[in-house]
Amino acid sequence: MLGASRTSEAQAREALASRSDQDGFDAVGAELLSVATLLSSSAQLRSVLTDTQRDGAERGALARSVLGGKVGELTADIMAEAASLRWARAGDLVDTIENLGVEATLIMAEKAGRADTVEDELFRVERLVAGDRDLAEALTQSGVTDAAKASLLAGILDGEVSFETAALVRHVVAHPRGRRPQRALAELVDAAAKRRERLLAKVRVVAALTDEQHERLAAVLERIYRRPVDLQVQIDPDVRGGAVVQVGDEVIDGSVAHRLDNIRRLMGAN
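Below: a short report on this structure. Not measured: the values here are computed from a predicted model.

**Thoughts on helix α11 (residues 181–195)**
In step 1: Over its 15 residues, α11 extends 21 Å from the first C-alpha to the last, a length consistent with the 21 Å expected when each residue adds 1.5 Å.
In step 2: Listing the buried residues of α11 in full gives Pro181, Ala184, Leu185, Ala186, Leu188, Val189, Ala192 and Ala193.
In step 3: Each element contacted by the buried residues of α11 is listed here: α6 (90–111), α7 (115–131), α8 (133–140), α10 (163–174), β1 (199–205) and β2 (229–235).
In step 4: Glu197, located one to two residues past α11, shows a positive phi value of around 55°.

Below you can see the structure in the form of structure tokens.
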């Protein structure tokens, strides 16, 4: 997002947070996700709600008029406030409304004491799709509707994950907006980690970590980054030994495979 949109997104997030304790907030997540779908499907509506030739109050009133009777008053307030802000691109408003829908859903998971569970479930679903070639192909197959793909994955997850996880996964698969399922799922994982203001460390190892190893690695990373760190561990035989840790764009490669590659390069240089 460009500068104007980044500022507006931050203000929209503040508007959402300020209403999280109000009656009716439990419906906001699902309603905002449905609004994002509506905006994504209508170029005309996106254009009208981000038209800088109209003042913010007019755009907000238009948003409220369009959504009247379709969503609750709280969601209409949040959407009207978002529409009144300035957006560099019409698509940035859609991205922001979808992100707010995800965040509202995660807030409700927190209130229910399921924040850790939802984050872990989202990671496991993302790994499931990444690790199952047949499933990944089914979710990207042309000629099959996104709704059918979402139903397929929902059937696999039925009864296995929390309500919040199921709702978020179904939304991003049914409404990919140009994203591949694995990317959309990875974005949900990142959003869940950021919601708790923790760093997300993606760890690849050759075998499962013991509880002691898990705690030790988390402690080391917390000392390095001076923030709480969530570990999400993936078994990867190519690592051979040690671990590869990715935090944001930074990769700490302590794997045997990496050390062997270094040795091979040195040998080749000689």
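So that's the structure; there's more coming.
**Details of the environment of Gly3**
In step 1: Of note, Gly3 is situated in helix α1 (residues 3–18).
In step 2: On the basis of relative accessible area, Gly3 is assigned to the partly exposed category, the value being 35%.
In step 3: Spatially, the C-alpha atom of Gly3 lies 9.0 Å from that of Trp87, the residues being 84 residues apart in sequence.

**Remarks on the pattern of salt bridges**
In step 1: Under the defined criterion, the tally for this structure stands at 22 salt bridges.
In step 2: A salt bridge links Arg114 to Glu164, with the nearest nitrogen and oxygen atoms 2.5 Å apart. With Arg114 in the loop between α6 and α7 and Glu164 in helix α10, the pair connects residues that are 50 residues apart, well separated along the chain.
In step 3: Since its relative accessible area comes to 32%, Arg114 is described here as partly exposed.
In step 4: Residue Glu212 pairs with Arg216 through a salt bridge whose shortest N-O separation is 2.9 Å.

About the thresholds
- Residues numbered from 1 in each chain as written.
- Predicted model: local features only at pLDDT ≥ 70, side-chain atom pairs only at ≥ 80, totals over all residues.
- Heavy atoms only, no water.
- Helix = DSSP H or I, 4+ residues; strand = E, 2+ residues; numbered from the N terminus.
- Expected span 1.5 Å × (residues − 1).
- Buried < 20%, exposed > 50% of the residue type's maximum accessible area, 1.4 Å probe, protein only.
- Contact = heavy atoms within 4.5 Å.
- Salt bridge = Lys/Arg side-chain N within 4 Å of Asp/Glu carboxyl O.

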